[in-house]
Amino acid sequence: MKRWLLVLTLVAAATAGAPFDAAAPVRYRFSFPAPEDRWMQVDATFTELPAAPLELRMSRSSPGRYSAHDFAKEVYDVHAYTPDGRELRTERPDDSGWRVPAHGGTVAMKYKVRGNRLDGTYLAIDSSHAHINMPAAIMWGRGLDDRPAALTFQSPPGADWQIATQLFGDGSLYDPRRPVAEFTAPNLQYLMDSPVEFGPLTVESFVVGPRTFRLAVHHTGTAGEVQMVVGDVAKIVQQQGAIYGEFPSFEPGVYTFLVDYLPQANADAMEHRNSTVITAPRSITRSRLDLLDSVAHEFFHAWNVERIRPRSLEPFDLNRPNPSGELWLAEGFTQYYGPLVLQRAGIVDLRHTTGVFTTLLRTIGAESGRLARSAEEISRRAVVTDGGGADGATWVDDVSYYQLGAAIALSLDLSMRQRSNGRLSLDDFMQQMWRRYGKPGGARQGYVDRPYTMADAEATLAGITDRAFARDFFNRYIKGRELADYQRLLAPAGFLVKRAPRGSVEVVPIESAGGTLTVAQRTFRDDWLGPK
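Residues numbered from 1 in each chain as written. Predicted model: local features only at pLDDT ≥ 70, side-chain atom pairs only at ≥ 80, totals over all residues. Heavy atoms only, no water.

### Overview of the sheet that holds strand β20 (residues 268–271)
Strand order in the open sheet formed by five strands is β17-β18-β19-β21-β20, and the pairing between neighbours is mixed. Looking at which strands have only one partner, the edges of the open sheet turn out to be β17 (202–208) and β20. Strand-to-strand, the axes of this sheet are offset by a mean angle of 15°, without reference to chain direction. Relative to strand β21 (residues 275–280), β20 runs antiparallel, the two sharing four bridges. Bridging across to β21, Asp268 finds its partner in Thr279. Packing against the sheet, helix α2 (residues 223–244) makes contact with β17, β18 (211–219) and β19 (255–261), and its axis sits at approximately 25° to β17. (Pairing = 2+ DSSP bridges. Helix = DSSP H or I, 4+ residues; strand = E, 2+ residues; numbered from the N terminus. Axes fitted to C-alpha atoms, helices over the stretch in contact; angles between N-to-C directions. Contact = heavy atoms within 4.5 Å.)

Here it is, written out as structure tokens:
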């Protein structure tokens, strides 16, 4: 087979409309001389530098993760050169940094990086593909955050690999029949939030309303398995659009689901601004519902956390862990909506949803009525519970902000419905958060200009309901340590919370005398898309 060279270069404004700063781009070249040994060569060129020493960093955190990660430990054989090939002296100010004290305005860095963990956070390289999370691969220059990036990927000898990514370019998908394709990133924040899958791909595209979506899968199965799930993925996308009333503007012109279902993969999923990564060591056929559940959770993040963003996470600090007291909302409310959307889309039935509610209430210890820490405190503890370290080890905590936040979302959804006689629901709260804090967007791609605070979230709820209710809810269930009375809240919605063996609880539908539960209102929505 012919050895293709994929070039991701800086181009004019015609390249997918990506705006660029006037400063010279940072250029990266990735090559894979021996992918079977699980490493790649990275060449990075920094030009038009000021006379001060060049400070280079490997990230200590990764967008979507909140704890610290030691990405630098996989980097080795580091050298700096002048444009004419003369080696420059380098220093190590700390374990994650390199310094080039003297240079003539241009520095060419060369280094190798190992990658042997296939998930949403790290780097994975083998003879079949390269799965690249940028913080695990890229050495970046301090103070150069606003510079655009230009990258070159060279496939291994004899490999016709494709690329799927949210980086800017002609469709953001490399076709091996076209030897050159152009991609870019407008700044460091966007670049570090842009994973790349480089290998043989099965790709299915679909359109919902005005937006285009792509399911790009690297797996050991068949194209038919991918075709089997793409219709359900489209249903999920449609129902989540209905919650907010519109889709975000996906800057590259397409949203991409990057899926690796391979024996060597770790089960994981990670949101990004215009894409998501989903990995698992199973086949699509045997774990179809798990895949769709991950799709439902991660795509909801395209609004909630990627654009409706806590101020504590904006901009994301690549040098340290990123604590946030709002993860009960950013992650927990997303956790609530995932299985709910599966039911609204007709992918699962009501009994599946009640099973989710049962697991939720058991996990948070709903029968106790109180927590050891508040939702805000538990959210901040993500810096020690969110899988720091290459082995994915976590500290055991009392309650996860995912599960607690989902339980809070359930209680708020039910409370809003009951207080308003069904006129309001949690959907209305999420729509308002979107209109106030997400939809305004950012002047720079990859940034959010109106991130929210805890006070902003409370004020938004107060504007929909009333100030007294919002203050009481936040004081008791967000800042305080109370748990809602789920038995009281679920009963009017047609659910019974009953005692189960060993003191736990179980949620079951209250069936009518005829033995069935009737849903009086349709749940699948497509009316928001406009006339057919």
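We are not done yet, so read on.
### Concerning the sheet that holds strand β11 (residues 139–141)
Across the sheet, which stays open at both edges, the three strands sit in the order β7-β4-β11 with antiparallel pairing between neighbours. Unpaired on one side and paired on the other, β7 (97–100) and β11 mark the two borders of the sheet. On average, each strand axis in the sheet is tilted by 30° relative to the strand beside it, whichever way the strands run. Strand direction decides the pairing type here: strand β4 (residues 54–58) and β11, joined by three bridges, are antiparallel. Note on β11: the bridge partner recorded for Met58 is Met139.

### Quick word on the nonpolar core
Counting residues in each nonpolar core, the largest one holds 97 residues, and the members touching the most others are Phe257, Phe299, Phe333, Phe429 and Leu490. If near-sequence neighbours (up to four positions away) are discounted, Phe257 is found in contact with Phe206, Arg214, Leu215, Ala216, Val233, Val237, Thr276, Val295 and Phe299. In terms of nonpolar packing, the next biggest core, distinct from the first, is built from 54 residues, Val42, Phe153, Leu188 and Phe198 among them. (Core = buried A, V, L, I, M, F, W, Y, C linked by side-chain atoms within 4.5 Å. Buried < 20%, exposed > 50% of the residue type's maximum accessible area, 1.4 Å probe, protein only.)

### Let's talk about the confidence of the model for the protein
Looking at the protein, the pLDDT average stands at 89 and 86% of residues meet or exceed 70. This stretch, residues 176–180, has a pLDDT under 50; its non-local contacts, to residues over four places away or in other chains, come to ten contacts. Across residues 389–396 the pLDDT falls below 50, and counting only partners more than four positions away or on other chains, this stretch makes 17 contacts in the model. (pLDDT = per-residue confidence, 0-100.)

### A closer look at the packing of aromatic side chains
Under the definition given, this model contains 36 aromatic pairs. Measuring from centroid to centroid gives 5.4 Å for Phe206 and Phe213, while their planes differ by 15°, and the two rings are stacked. You'll find Phe206 and Phe213 in the same group, each marked buried. Here Tyr255 and Phe257 contribute two aromatic rings whose centre-to-centre distance is 5.0 Å and whose plane-to-plane angle is 65°, an arrangement assigned as edge-to-face. A relative accessible area of 0% means that Phe257 is categorised as buried. Its guanidinium or amino end placed over the ring of Tyr76, Arg114 lies 4.1 Å from that ring's centre, counting from NZ or CZ. (Phe/Tyr/Trp six-rings, centres within 6.5 Å; stacked < 30°, edge-to-face > 60°. Lys NZ or Arg CZ within 6 Å of the ring centre and 35° of its normal.)

### Some points on the pattern of salt bridges
All chains considered together, the criterion is met by 26 salt bridges. Ionic pairing is found between Asp268 and Arg65, a salt bridge with its closest N-O pair at 2.8 Å. Pair noted here: Asp268 is in strand β20 and Arg65 is in the loop between β4 and β5 (75–81), with a separation of 203 residues, a long-range link. By relative accessible area, Asp268 is classed as buried at 15%. On the accessibility criterion, Arg65 (13% relative accessible area) is buried. Asp427 is paired through a salt bridge with Arg344; the nearest N and O atoms lie 3.1 Å apart. Residue Asp427 is located in helix α9 (residues 426–438), and its partner Arg344 is located in helix α4 (residues 327–344); the two are separated by 83 residues in the primary sequence. Accessibility assignment for this pair places Asp427 and Arg344 in one class, buried. (Salt bridge = Lys/Arg side-chain N within 4 Å of Asp/Glu carboxyl O.)

### Here's the deal with the environment of Asn266
Turning to its location among the elements, Asn266 is positioned in the loop between β19 and β20. Residues Asn266 and Arg117 lie 149 residues apart in sequence; the distance between their C-alpha atoms is 7.5 Å. When neighbours within four sequence positions are excluded, Asn266 is seen to be in contact with Arg117, Leu118, Asp119, Thr279, Ala280 and Pro281.

### Structural notes on the pairing of β5
In this structure, β5 lies alongside strand β8 (residues 107–114), joined through five bridges in antiparallel fashion. In the strand pairing of β8, Tyr76 is matched with Lys112. Pairing between β5 and strand β6 (residues 87–88): two bridges, direction antiparallel. In the strand pairing of β6, Ala80 is matched with Leu88. Taking the residues between adjacent antiparallel strands as the criterion, β5 and β6 are bridged by five residues, where Gly85 takes a positive phi near 90°.

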